[in-house]
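Close look at the chain arrangement
Okay, here's what each chain looks like letter by letter:
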Amino acid sequence: MTKIESGLIRRWLDGWTVARSLPEAEPVEPAGDGLRSKCDQPGREVEVFALRADEEPESLARLATAVAAARQITWLTVPTLRPGTVEAIVGAAGLELLHRSEWFMTADLAEHPQHAPAAPYEREVRTEGPVTVVSLHAPSGEVVARGSIAVVGGDAIADRIETDAAHRRRGLGRAMMSALAEAAVSQGARTGLLIASEEGQRLYSSLGWRHKADVLIARGPVVPSIR
């Protein structure tokens, strides 16, 4: 495989916007090189997702130029099997590279391994519509790990998987992902999709998630610092 399919990116984005209660992403006109999502976060007002970066480098160049000229702080997220080429293109457009080591990953949720949280931790599962939120609690009642998954059709998009630093290396991440996968399968999902940070890649790989592409994230417009 020499490129990541644009349909796979669209499927992930459909679930990601649901998981975060964001408006449906809109095509970037006029060429439809990507999809634009309004995030409305400080320092991340808008995020643009490239769809054809590997098959049409000029498509990515157009997106990068548009992001560099944007009036709002805009992130450009690029799933790719050619990270070196992508890095050169976004750099040439004057964008600031934020992350270069994230992964786009998929899994067959029907085969996802199951792990219960070890004592004394307890698990809480809440499902509201297509989104399930899982929390793991310490004996004090404090939430020490959390995550969500959104089911859209046959896909389930895992998002915001976090474990407090003081409670890591105790199997909580495995228990979290197990609960999320189980909830998604019960709602009819078959395929898991996520974008993994560098820290999370080992965990997901150990649970059978597969690397499909690298993900580079850049930001623009770059505001010169005042000295």
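Whatever comes next refers back to the structure up there.
Residues numbered from 1 in each chain as written. Predicted model: local features only at pLDDT ≥ 70, side-chain atom pairs only at ≥ 80, totals over all residues. Heavy atoms only, no water.

Re the side chain of serine 59
Among the secondary structure elements, serine 59 is positioned in helix α2 (residues 57-68). Apart from residues no more than four positions distant in its own chain, serine 59 is found in contact with Asp33 and Arg52. (Helix = DSSP H or I, 4+ residues; strand = E, 2+ residues; numbered from the N terminus. Contact = heavy atoms within 4.5 Å.)

Remarks on helix α1 (residues 6-19)
Relative to the 20 Å expected for 14 residues at 1.5 Å per residue, α1 spans 20 Å between its end C-alpha atoms, a close match to the ideal helical length. The positive-phi residue at the C-terminal boundary of α1 is serine 21, with phi of around 55 degrees. (Expected span 1.5 Å × (residues − 1).)

Side note on the pattern of salt bridges
Scanning all chains against the criterion turns up 13 salt bridges. Between aspartate 33 and arginine 62 there is a salt bridge, with its nearest N and O atoms 2.8 Å apart. Taken as a pair, aspartate 33 in the loop between β1 (26-27) and β2 (34-41) and arginine 62 in helix α2 lie far apart in primary sequence, 29 residues in all. We classify aspartate 33 as buried; its relative accessible area is 4%. The salt bridge involving glutamate 162 is made with arginine 146; its shortest N-O contact spans 3.3 Å. Of this pair, glutamate 162 sits in strand β9 (residues 155-163) while arginine 146 sits in strand β8 (residues 143-152); the two residues are 16 residues apart in sequence, bridging distant segments of the chain. Overall, glutamate 162 belongs to the partly exposed group, its relative accessible area being 39%. Given a relative accessible area of 26%, arginine 146 falls into the partly exposed group. (Salt bridge = Lys/Arg side-chain N within 4 Å of Asp/Glu carboxyl O. Buried < 20%, exposed > 50% of the residue type's maximum accessible area, 1.4 Å probe, protein only.)

As for the sheet that holds strand β5 (residues 96-108)
Taken in spatial order, the 11 strands make up an open sheet running β1-β2-β3-β4-β11-β5-β10-β9-β8-β7-β6, and their pairing is mixed. For this open sheet the edge positions go to β1 and β6 (122-128), each flanked by a neighbour on one side alone. In this fold α2 packs onto β2, β3 (44-50), β4 (74-80) and β11 (210-220), with an angle of close to 165 degrees to the strand it touches most, β4. Relative to β11, helix α3 (residues 83-92) is tilted by about 10 degrees, and along the sheet it contacts β4, β5 and β11. (Pairing = 2+ DSSP bridges. Axes fitted to C-alpha atoms, helices over the stretch in contact; angles between N-to-C directions.)

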